[in-house]
Amino acid sequence: MDLFLQTLLNGLLIGGVIATFTIAFQLTFGVLHVIDFAVGGWVVLGGYLGYYVTALLGLDGFVALPLAFVLFGALGYLIGPVLYNVRNSRTARPELMALALTFGLFTLLRGGMLTAWGFNTRNVTTFLSGESLAVGPVVVPLIRVAAAVFAAAIAGGLFLFLYRTRYGLAIRATAENRHNAALMGVNIRRLSANVYGLYAGITAMAGVLMGAIYSVNPEVGLRYTLFAFFVAVLAGLGSVGGAVVAALLLGVIEAFVSTYVGSSYSLLAIFATLFAVLLVSPKGILRRGL
């Protein structure tokens, strides 16, 4: 029973961090109608930034969170218009061209990171690294709790922005129906660039948190990309609320399979779950997907 509770807690905490970048992933799909293969690359880059903030500057890893948002948010803002132009081009299948562009971006990011850092892993160090708290029979790693708290704050801030500001209303209107939003005066091209920048910044911050919990290297980017796809499809493409539920479920499944069966079977269990859910509810667990 103690191991069960420990595993459940670990899964929920990790799922909360995964929810951070999958929410942004869903938002980007809703506005740009693009499935972004590069999501795992942004996560790993955020982790490397956190490492260098601690290793070179001697600062706490959490200091890298606002830096990651600003730096990679600006980079995403520059990439956003390119992705928008490809997605809205007059080619026969613009959605496939946009998908190929994001796959090429992921390959470029992965190759660049392998050239610069090789296969060596890096860790983000914080003042909570290695610290834990015993709560009855359960040992709570404080770095995971802090990461989950930061993730919840980031996600909460995003939801407040979307539902309490006029620009957030414009984003939601565009995700709902971009044609009607354009008729209401929304500059879709500029908004798309802003949304992709917001997504890249949030995803990089999640990478800092994942680097503090685990470690980062260029090869784990593909795993995070698969996680984002799993959550997006399980939640229902475009469903931001469903992404939270699906991410928590993903974290719990991976934790239990890794603990009781073996980490090598975690992806198999995740996609078996995805297949089973889609047989019952093709629009996702909340039945709100596209």
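The coordinates are above.
These notes cover the structure that comes with them.

Definitions and cut-offs
- Residues numbered from 1 in each chain as written.
- Predicted model: local features only at pLDDT ≥ 70, side-chain atom pairs only at ≥ 80, totals over all residues.
- Heavy atoms only, no water.
- Helix = DSSP H or I, 4+ residues; strand = E, 2+ residues; numbered from the N terminus.
- Rg over C-alpha atoms; globule rule 2.2 N^0.38 Å.
- Buried < 20%, exposed > 50% of the residue type's maximum accessible area, 1.4 Å probe, protein only.
- Contact = heavy atoms within 4.5 Å.
- Areas by Shrake-Rupley, 256 points an atom, 1.4 Å probe, with all protein chains shown as cover.
- Lys, Arg positive; Asp, Glu negative; His and termini not counted.
- Charge placed at Lys NZ, Arg CZ, Asp CG, Glu CD.
- Axes fitted to C-alpha atoms, helices over the stretch in contact; angles between N-to-C directions.
- Left-handed = near helix turned anticlockwise from the far one by under 90°.
- Nonpolar A, V, L, I, M, F, W, Y, C, P; charged D, E, K, R; others polar.
- Phe/Tyr/Trp six-rings, centres within 6.5 Å; stacked < 30°, edge-to-face > 60°.
- Parallel < 35°, antiparallel > 145°, perpendicular 65-115°, else oblique.
- Salt bridge = Lys/Arg side-chain N within 4 Å of Asp/Glu carboxyl O.
- Patch = residues over 30% accessible without salt bridge, like charges linked within 9 Å, V, L, I, M, F, W, Y side chains within 5 Å.

**Considering the overall build of the protein chain**
Here comes step 1: The helix and strand tally for the protein chain stands at 11 helices and 2 strands.
Here comes step 2: By the compact-globule yardstick of 19 Å for 290 residues, the protein chain fits well, its C-alpha radius of gyration being 19 Å.
Here comes step 3: If one aligns the C-alpha atoms of the protein chain with their principal axes, the spans along those axes are about 60 × 50 × 35 Å.
Here comes step 4: Expressed as a percentage of the 290 residues in the protein chain, the buried residues total 50%.
Here comes step 5: In the protein chain, once contacts between residues fewer than 6 apart in sequence are set aside, the share between residues at least 24 apart is 77%.
Here comes step 6: Summing over all exposed atoms, the protein chain offers an accessible surface of approximately 13300 Å²; the carbon and sulfur share of this is 68%.
Here comes step 7: Charged side chains in the protein chain number 16 positive and 8 negative. The centres of these two groups are separated by 16 Å.

**Quick look at the packing of helix α1 (residues 2–32) against helix α10 (residues 240–260)**
Here comes step 1: Their axes nearest at 6 Å, the elements α1 and α10 cross at an angle of 140°. Regarding α1 and α10, the two cross each other, and that crossing is right-handed.
Here comes step 2: The residue inventory of the contact of α1 with α10, partitioned by class, reads 18 nonpolar, 8 polar and no charged.

**What about unusual backbone geometry?**
Here comes step 1: Of note, H33 is a non-glycine position whose phi angle comes to about 60°, a positive value.
Here comes step 2: Along the polypeptide, H33 turns up in the loop between α1 and α2 (39–55).

**Quick word on the packing of aromatic side chains**
Here comes step 1: One pass over the structure, following the stated rule, counts 18 aromatic pairs.
Here comes step 2: On the basis of an interplanar angle of 75° and a centroid distance of 6.3 Å, the ring pair of F62 and F127 is categorised as edge-to-face. Of this pair, F62 sits in the loop between α2 and α3 (64–87) while F127 sits in the loop between α4 (94–117) and β1 (132–135), and the two are 65 residues apart along the sequence.
Here comes step 3: Where F62 meets F150, the ring centres are 4.6 Å apart and the plane angle is 40°; that geometry is what we call tilted. Of this pair, F62 sits in the loop between α2 and α3 while F150 is found in helix α5 (residues 142–164), placing the two residues 88 residues apart along the sequence.
Here comes step 4: Overall, F62 belongs to the buried group, its relative accessible area being 10%.
Here comes step 5: According to the relative accessible area criterion, F150 is partly exposed, its value standing at 31%.

**Structural notes on the packing of helix α9 (residues 220–235) against helix α11 (residues 266–280)**
Here comes step 1: Where α9 meets α11, the closest approach of the two axes is 10 Å, and the angle between their N-to-C directions is 20°. Considering the angle they form, α9 stands roughly parallel to α11. Considering only the axes of α9 and α11, their crossing is left-handed. Where α9 approaches α11, its residues R223, L226, F227, F230, V233 and L234 are matched on the opposing element by S266, L267, I270, F271, L274, V277 and L278.
Here comes step 2: In the contact of α9 with α11, the residues fall into 11 nonpolar, 1 polar and 1 charged.

**Section: the pattern of salt bridges**
Here comes step 1: Applying the stated rule across the entire model yields 3 salt bridges.
Here comes step 2: Two residues, R93 and E95, come together in a salt bridge whose shortest N-O distance is 2.7 Å.
Here comes step 3: The class for E95 is partly exposed, based on a relative accessible area of 30%.
Here comes step 4: For the salt bridge of E219 with R110, the shortest nitrogen-to-oxygen distance reads 2.7 Å.

**Re the environment of I285**
Here comes step 1: Within the secondary structure layout, I285 lies in the segment after α11.
Here comes step 2: Along the primary structure I285 and V245 are separated by 40 residues, whereas in three dimensions their C-alpha atoms are 8.4 Å apart.

**Quick notes on a nonpolar patch on the surface**
Here comes step 1: A surface patch of nonpolar side chains, about 700 Å² in accessible area, is lined by L3, F4, L5, Y260, V261, Y265 and L268.
Here comes step 2: Per-element accounting of the nonpolar patch gives the leading share, 3 residues, to α1.
Here comes step 3: Assignment of secondary structure puts L5 in helix α1.

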